Amino acid sequence: MSTSDRSGNPVAVVLAAGKGTRMRSRRPKVLHEVAGKPILAWVIEAARASGCEQCLVVVGHGTGDLKRAFADEDIVWVEQREQLGTGHALAQVRELVGDAHHLLVLSGDVPAVRAKTLERLLSSAATGWGAIATARMERPGSLGRVVMKADGVLERIVEAADATEQEMAIRTVNAGLYVLPAAEIFDYLAALQPDNAKGELYLTDALGAAAREREIKCVAVSEADEALGVNDRADLARAHRVLMGRGIEALMEQGVTIYDSRRVVIEPSVRIGPDSEIHPEVTLTGDTQIGRECVVHSGAWIRHSSIGDGSTIGPHSVLDGAVVGDGATIGPFARLRPGTEIGRAVRVGNFVEIKNARLGDGVKAGHLSYLGDAEIGDGANIGAGTVTCNYDGRKKHKTTIGKRAFIGSDTMLVAPVEVGDDAVTGAGSVITNDIPGGALAVGRVRQRTIEDWVKRRKRKDEE
Ligand code: UD1
Ligand code: CA
């Protein structure tokens, strides 16, 4: 199989076979999520956005899990059976890159890299033999230190484990992102020796060897965060914060008020219209859209949901897979489960749970209700404590409520059941039969009042 790219576009090679031992996880490191997506997904997305159509990913640990997680993506998976180092990992793609001119080589654990930076790296390599991305860091930790011949030209990279005290003091590090000529890099890789502290075949050593004969440009990333490599859970938290922060900044630029940008969880996938206000301690994740001029109060947790313009989500409401129309008021303490569809100007109050149900425009369900597998017409009023008894222990059944119907408080609607337009149920009713439009249905024991009962009981006690 050849993956040559005849258009001259670079081919991306992502190195993702490492054990990631310091994560202390059963999951492959690059499948851990930051800001709502696996680390590897961020890297691949940046590579594609920088113009790489072909994407090869070198894997070795948890290959099956990785293939499953990226089943929808056009990726060529390359197996590195033994993890002998980054140089050995890159060598695995030798037979697969065809006549690609340049390879954009990315570490699979560097999720915060921007496509713009990769584009700069690619155009810089076009004028020389190759290029590497570097970053300035005050605390470079375990990253490789970059030694330059002259400003912007690579001499060699020293891994932290092999560095002298002097080399450790270097503040310019290797970000783990490279552009290399496909026709020549593999010969340098083939000559690698594992004569270093880790006993690995270092890609960085191959660059040092090439740099003796060739010009390799050092391209500084725009911000040091782009070079953040995720090796442990502390790095994971850092990468998560960086990527979340970027999405939140972008929303604020688009005119969204986020009162305390450090105390919200908003995944970069979430879209919010201008003049909406997000209060502290709100969580917005997944495929969520919020319209303009909405207010989302503290403690709201919203996933895969869509909310129309001018709606208010009260404190501590949970929306999961729900669609809410314009001008709705939800909560506080409402729970909208998957399949909930709510029209315009609907009011859903506290402790109301809705699942797989459609509420027409202007419906009111103010307090303490369960509405499941239901269709509720425009303008209906659902009294406090109403329950659609949708489950008979075997199957789920549907409740249909007509337009402008008035469901009295504490009505049990035993499904399947249909309430006609403008119909009314008495409070406390158990409704087991359909109600025609405009009718009143009362299904409860008639009240009995016993006069002077207390007095008579007292007399009895004294006997
Ligand atoms: C590497 C670089 C270091 C750089 C840093 C940037 C080397 C020797 N060092 O160090 O200079 O500052 O990245 O983040 O390259 N991998 C494989 N197969 C292997 C080994 C690693 O596919 O046999 C993959 C890993 O899954 C990972 C990437 O290569 O995604 C980098 O490997 P890692 O072990 O994390 O290297 P670092 O020590 O971070
Ligand atoms: Ca790393």
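About the criteria used
- Residues numbered from 1 in each chain as written.
- Chains lettered and ligands numbered in written order.
- Predicted model: local features only at pLDDT ≥ 70, side-chain atom pairs only at ≥ 80, totals over all residues.
- Heavy atoms only, no water.
- Pairing = 2+ DSSP bridges.
- Helix = DSSP H or I, 4+ residues; strand = E, 2+ residues; numbered from the N terminus.
- Buried < 20%, exposed > 50% of the residue type's maximum accessible area, 1.4 Å probe, protein only.
- Donors = N, O, S within 2.8 Å, 3.2 Å for Na, K, Ca; no water.
- Near = heavy atom within 4 Å.
- Polar contact = N/O pair within 3.5 Å; in protein donor to acceptor, adjacent residues only side chain to side chain.
- Areas by Shrake-Rupley, 256 points an atom, 1.4 Å probe, with all protein chains shown as cover.
- Nonpolar A, V, L, I, M, F, W, Y, C, P; charged D, E, K, R; others polar.
- Domains from an automatic or database assignment.
- Contact = heavy atoms within 4.5 Å.
- Buried area = accessible area lost by both parts, 1.4 Å probe.
- Salt bridge = Lys/Arg side-chain N within 4 Å of Asp/Glu carboxyl O.
- Phe/Tyr/Trp six-rings, centres within 6.5 Å; stacked < 30°, edge-to-face > 60°.
- Lys NZ or Arg CZ within 6 Å of the ring centre and 35° of its normal.
- Core = buried A, V, L, I, M, F, W, Y, C linked by side-chain atoms within 4.5 Å.
- Axes fitted to C-alpha atoms, helices over the stretch in contact; angles between N-to-C directions.
- Parallel < 35°, antiparallel > 145°, perpendicular 65-115°, else oblique.
- Left-handed = near helix turned anticlockwise from the far one by under 90°.

## Description of the pairing of strand β9 (residues 153-158)
Point 1. Pairing analysis gives five bridges linking strand β8 (residues 145-150) to β9, with the strands arranged antiparallel. Among the inter-strand pairings, Val146 is bridged to a residue of β9, identified as Ile157.
Point 2. Hairpin connection, β8 to β9: the antiparallel pair is bridged by two residues, and Gly152 has positive phi, about 80°.

## Some details on the pairing of strand β11 (residues 216-220)
Point 1. With four of its five residues buried, β11 lies for the most part within the structure.
Point 2. Here strand β7 (residues 130-136) pairs with β11 via five bridges, running parallel. Residue pairing in the sheet places Ile132 in a bridge with Cys218 of β11.

## Focus on the coordination of the calcium ion (ligand 2)
Point 1. Here the calcium ion (ligand 2) is held by the protein donor atoms Asp109 (OD) and Asn231 (OD1), which lie 2.3 to 2.5 Å from it. Note that Asp109 is positioned in the loop between β6 (102-107) and α4 (115-126) and Asn231 in the loop between β11 and α8 (233-253), a separation of 122 residues in sequence.
Point 2. Its relative accessible area of 14% is what places Asp109 among the buried residues.

## Concerning the site of ligand 1
Point 1. Taken together, the neighbourhood of ligand 1 is formed by 23 residues, with Gly18, Gln80, Thr86, Glu159 and Asn174 sitting nearest.
Point 2. Gly85 is positioned with one of its backbone polar atoms (N or O) 2.8 Å from an oxygen atom of ligand 1.
Point 3. The side chain of Thr86 places a nitrogen or oxygen atom 2.7 Å from an oxygen atom of ligand 1.
Point 4. Protein burial of ligand 1: of its 750 Å² of free accessible surface, 92% is covered by the chains.
Point 5. For the shell around ligand 1, the element with the most residues is strand β10 (residues 172-181), which contributes three residues.
Point 6. Classifying every residue of the shell around ligand 1 by side-chain character gives eight nonpolar, 11 polar and four charged.

## A word on the domain arrangement of the chain
Point 1. Assigned domains of the chain: these are domain 1 (11-227) and domain 2 (233-441).
Point 2. Summarising the inter-unit geometry, the C-alpha centres of domain 1 and domain 2 are found 46 Å apart.
Point 3. With 16 residues of domain 1 at the contact, the number on the domain 2 side is 10 residues.
Point 4. Between domain 1 and domain 2, the buried area comes to about 1100 Å², and carbon and sulfur atoms account for 64% of it.
Point 5. Taken as a group, Met23, Val34 and Ala35 account for 41% of the area that domain 1 buries against domain 2, more than any other trio of residues on that side.
Point 6. Applying the counting criterion to the domain 1 and domain 2 interface returns zero salt bridges.
Point 7. Applying the counting criterion to the domain 1 and domain 2 interface returns four residue pairs in polar contact (both at pLDDT 80 or more).

## Regarding the packing of aromatic side chains
Point 1. Taken as a whole and assessed by the stated rule, the structure comprises three aromatic pairs.
Point 2. Centroid distance Trp129 to Tyr188: 5.7 Å. Interplanar angle 85°. Geometry classified as edge-to-face. Here the residue Trp129 occupies a position in the loop between α4 and β7, and Tyr188 occupies one in helix α6 (residues 182-190), the gap between them amounting to 59 residues.
Point 3. Residue classification places Trp129 among the buried residues on the basis of a relative accessible area of 8%.
Point 4. The ring of Trp42 has Lys37 lying over it, and the distance from NZ or CZ to the ring centre is 4.1 Å.
Point 5. Across from the ring centre of Tyr391, 5.2 Å away, lies the NZ or CZ of Lys396, which sits over that ring.

## Let's talk about helix α1 (residues 39-49)
Point 1. By the criterion of burial, α1 is predominantly enclosed, with eight of the 11 residues buried.
Point 2. Where α1 is concerned, the buried positions are Ile39, Leu40, Ala41, Trp42, Val43, Ile44, Ala46 and Ala47.
Point 3. The positive-phi residue at the C-terminal boundary of α1 is Gly51, with phi of around 110°.

## Concerning the nonpolar core
Point 1. Residues Ile278, Ile330 and Val348 are the most contacted members of the largest nonpolar core, which totals 49 residues.
Point 2. At five residues, the largest contribution of residues to this core is made by strand β27 (residues 347-359).
Point 3. Once residues within four sequence positions are removed from consideration, Val348 is found in contact with Thr329, Ile330, Gly331, Ala334, Leu336, Ile342, Ile354, Leu359 and Ala365.

## What about the environment of Gly325?
Point 1. Of note, Gly325 is situated in the loop between β23 (322-324) and β24 (329-330).
Point 2. Its relative accessible area of 15% is what places Gly325 among the buried residues.
Point 3. Residues Gly325 and Pro436 lie 111 residues apart in sequence; the distance between their C-alpha atoms is 29 Å.

## Structural notes on the pattern of salt bridges
Point 1. Per the counting criterion, the structure on display carries 24 salt bridges.
Point 2. Here Asp235 and Arg238 are joined by a salt bridge, their closest N and O atoms 2.9 Å apart. Here Asp235 and its partner Arg238 are both found in helix α8, three residues apart, which amounts to about one turn of the helix.
Point 3. Asp235 gets classed as buried once you look at its relative accessible area, which sits at 10%.

## Observations regarding unusual backbone geometry
Point 1. The omega angle of the peptide bond from Gly331 to Pro332 is 5°, so this bond is cis rather than trans.
Point 2. Here Pro332 is to be found in the loop between β24 and β25 (335-336).
Point 3. With an omega of 5°, the peptide bond between Ala415 and Pro416 qualifies as cis.
Point 4. Secondary-structure assignment places Pro416 in the loop between β33 (412-414) and β34 (417-419).

## Quick look at the packing of α1 against α4
Point 1. Where α1 meets α4, the closest approach of the two axes is 8 Å, and the angle between their N-to-C directions is 50°. Here α4 runs oblique to α1, going by the angle between their axes. You can see that α1 and α4 cross each other, and the crossing is right-handed. Contacts from Ala46, Ala47 and Ala49 in α1 reach Ala115, Leu118 and Glu119 in α4.
Point 2. Per-class residue counts for the contact of α1 with α4 are five nonpolar, no polar and one charged.

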